[in-house]
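# Structural overview for review
What follows is each chain in one-letter form.
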Amino acid sequence: MQAQSPWWAQAGTISSADVCQQPEETTVEWYRFGAGTLALEADDFPLRQRLSQVYGECALSASPSPTEHHMKCTVQSLTAPALVSVTCTDSVPLDAVAFLLHLFQDRGYVELPPVLPDWRLLGKAGRSARPLLAARRETMLVDRSQPWQAFVANYMLNRVLRLQRERLFFHAASVGIQGAGILLTGAKGAGKSTLSLALAARGHAFLGDGLAAVHQHSGEMLPFRRAVSIRTGLRAQRVDERLRSCPTVEECFPDGTTRLRARIQELFPTSGAQPVPLRSAIFLRQFAPRPCLERFTPSLQHLRFVQPLGCTMWDVSPGRRLIAFLQMLSRARCYFLDVGLPETTADLIESTVEGA
């Protein structure tokens, strides 16, 4: 008996119209990411739950007014074979595989040798040549037997962000102190979330935890409030108190760490989230017995500390982006921060910003 070909060798014959199953009612859900919107029509509950859990504070209760930065994504479960069909449409054509390889450069994804004309395959390096997805034009077929919901959710988010060429997106936390926008950036585990939560616990505006959005011309910072991811370790006392009474979800991250997820509106219901002008950029340098802020004048050599999202560097001249980063920093007071205890470090940031 001849063995059946693997699904990725049959991709050209798979039709979502023929084999789509509808395990539950499909509705359109709306999200605002920065200045862009996503219309998601999906029949996969875990995917919708993932978006709601992480980006619930970006959800919209009704269809928004049309914007130029809009994308529609349809996700349909297939029965034979066990795949999902992901179709995303927006105003700018996109090479999905090249974009994914650009986004996830540090996660071991590679393009696998093609099997069918016009279809491109993506999978993990070192595995037995089993693709996670096959892509052709605006459609991807994704293997449901592999972890895929977080991957696709990240892809959709970044597709919307990459449409917003006038905004710069960073791996950073952002807060507002008396109307002044503060960008907190640094390596993984440097203390961005710890400090932004410590400041939010004092009543300051919490704009975002891991993603920050800055308009490259005006310097306006937009709120980007996804659920915060909180590592184990020292925290401000008021943050610990709130975590004991706030709903949280434990999640294992790709780097192997386990963190708590919590919505900021449940942690600190009175913490506002309005656009504010960028006034200070603080680069978390190292941990120290006592916190210390050292002001500096930004130059090209300091741009290595900026951590842009992959979508911000997509399909644009690196030189042009570096100039945009430098112009952004030149409008702000820039500091290196040696991080001490959360409370004393928050004291120093607060007094420095309020005294500027």
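Residues numbered from 1 in each chain as written. Predicted model: local features only at pLDDT ≥ 70, side-chain atom pairs only at ≥ 80, totals over all residues. Heavy atoms only, no water.

### Quick notes on the overall build of the chain
Each helix and strand counted, the chain has 9 helices and 21 strands in total. Each of the three principal axes of the chain carries a C-alpha extent, and together these read 75 × 45 × 45 Å. Taking all 356 residues of the chain together, the buried fraction comes to 50%. Here the analysis covers contacts within the chain between residues at least 6 apart in sequence; of these, 69% occur between residues at least 24 apart. About 16400 Å² of surface is accessible on the chain, with carbon and sulfur atoms providing 50% of the total. Of the side-chain charges in the chain, 38 are positive and 32 negative, and the distance between the mean point of each set is 5 Å. (Helix = DSSP H or I, 4+ residues; strand = E, 2+ residues; numbered from the N terminus. Buried < 20%, exposed > 50% of the residue type's maximum accessible area, 1.4 Å probe, protein only. Contact = heavy atoms within 4.5 Å. Areas by Shrake-Rupley, 256 points an atom, 1.4 Å probe, with all protein chains shown as cover. Lys, Arg positive; Asp, Glu negative; His and termini not counted. Charge placed at Lys NZ, Arg CZ, Asp CG, Glu CD.)

### Re the environment of Leu293
Inspection of the secondary structure puts Leu293 in strand 20 (residues 292-296). Accessibility expressed as a relative area gives 18% for Leu293, which makes it buried. Placed 239 residues apart in sequence, Leu293 and Val54 show a C-alpha to C-alpha distance of 32 Å. Not counting residues up to four positions away in its chain, the partners in contact with Leu293 are Ile282, Tyr335, Phe336, Leu337, Leu348, Ile349 and Thr352.

### Quick look at helix 3 (residues 96-103)
Where helix 3 is concerned, the buried positions are Ala96, Val97, Phe99, Leu100 and Leu103. Buried residues of helix 3 fall within an arc of 160 degrees about the axis and therefore sit on the same side. Summarising the contacts, the buried residues of helix 3 are in contact with strand 6 (109-112), strand 7 (120-124), strand 8 (133-136), strand 9 (139-143) and helix 4 (149-162). The opening residue of helix 3 is Asp95, an N-cap whose side-chain oxygen sits 3.3 Å from the backbone nitrogen of Val97. (Arc of directions from axis to C-beta. Polar contact = N/O pair within 3.5 Å; in protein donor to acceptor, adjacent residues only side chain to side chain.)

### Here's the deal with the pattern of salt bridges
Applying the stated criterion across every chain yields a total of 16 salt bridges. We note a salt bridge from Arg167 to Glu166, for which the minimum N-O separation is 3.4 Å. Sharing partners across several salt bridges, the network here consists of Arg202, Glu343, Asp347 and Glu350. (Salt bridge = Lys/Arg side-chain N within 4 Å of Asp/Glu carboxyl O.)

### Re the environment of Pro342
By the element assignment, Pro342 lies in helix 9 (residues 342-355). Considering only alpha carbons, one finds Pro342 and Thr194, 148 residues apart in sequence, at a separation of 6.9 Å. Each residue touching Pro342, except ones within four places of it in the same chain, is listed here: Thr194, Leu195, Ala198, Leu234, Arg235 and Ala236.

### Comments concerning helix 4
With 14 residues, helix 4 extends 20 Å from end C-alpha to end C-alpha; this agrees with the ideal 20 Å at 1.5 Å per step. Most of helix 4 is tucked away, with 12 of its 14 residues classed as buried. Inspection of helix 4 places Gln149, Phe151, Val152, Ala153, Tyr155, Met156, Leu157, Asn158, Arg159, Val160, Leu161 and Arg162 among the buried residues, and these make up the whole buried set. (Expected span 1.5 Å × (residues − 1).)

### As for the nonpolar core
In this structure, Phe33, Tyr55, Met156 and Phe224 are the most contacted members of the largest nonpolar core, which totals 47 residues. Tallying contributions element by element places helix 4 first for this core, with 8 residues. Sequence-distant contacts of Phe33, that is, excluding residues within four places in its chain, are made with Leu38, Leu51, Tyr55, Cys58, Leu157, Val160, Leu161, Gln164 and Phe224. Of all hydrophobic cores here, the second largest spans 33 residues; its members include Ile182, Cys246, Ile264 and Ile349. (Core = buried A, V, L, I, M, F, W, Y, C linked by side-chain atoms within 4.5 Å.)

### Description of the sheet that holds strand 18 (residues 258-262)
Read across the sheet, 3 strands follow the order 16-18-17 without closing on themselves; strand pairing throughout is antiparallel. Across the chains shown, the open sheet's two edge strands, defined by having one partner strand only, are strand 16 (228-230) and strand 17 (249-252). Taken over all neighbouring pairs, the strand axes of this sheet differ in orientation by 40 degrees on average, direction set aside. One ladder, built from 3 bridges, connects strand 16 with strand 18; its direction is antiparallel. Within the sheet, the bridge partner assigned to Ile230 lies in strand 18 and is Leu260. (Pairing = 2+ DSSP bridges. Axes fitted to C-alpha atoms, helices over the stretch in contact; angles between N-to-C directions.)

### Here's the deal with the sheet that holds strand 6
Strand pairing in a sheet relies on backbone hydrogen bonds, with the paired strands running either antiparallel or parallel. Across the sheet, 9 strands lie side by side as 3-1-2-4-5-9-8-7-6; this open sheet has mixed pairing. Of all the strands in the sheet, the pair left with one neighbour each is strand 3 (59-60) and strand 6. Looking at chain direction, strand 8 and strand 9 are connected through 4 bridges and run antiparallel. Bridge pairing links Leu133 to Val142 in strand 9. Sheet strands in contact with helix 2 (residues 45-55) are strand 1 (27-33), strand 2 (36-42), strand 3 and strand 4 (70-77), and its direction is about 30 degrees off that of strand 1.

### Re the packing of helix 3 against helix 4
Where helix 3 contacts helix 4, the two axes come as close as 11 Å, and the packing angle between them is 100 degrees. The angle between helix 3 and helix 4 places the two elements in the roughly perpendicular class. Mapping the contact onto sequence places Ala96, Phe99, Leu100 and Leu103 in helix 3 and Phe151, Tyr155, Asn158, Arg159 and Arg162 in helix 4. Of the residues belonging to the contact of helix 3 with helix 4, the class tally is 6 nonpolar, 1 polar and 2 charged. (Parallel < 35°, antiparallel > 145°, perpendicular 65-115°, else oblique. Nonpolar A, V, L, I, M, F, W, Y, C, P; charged D, E, K, R; others polar.)

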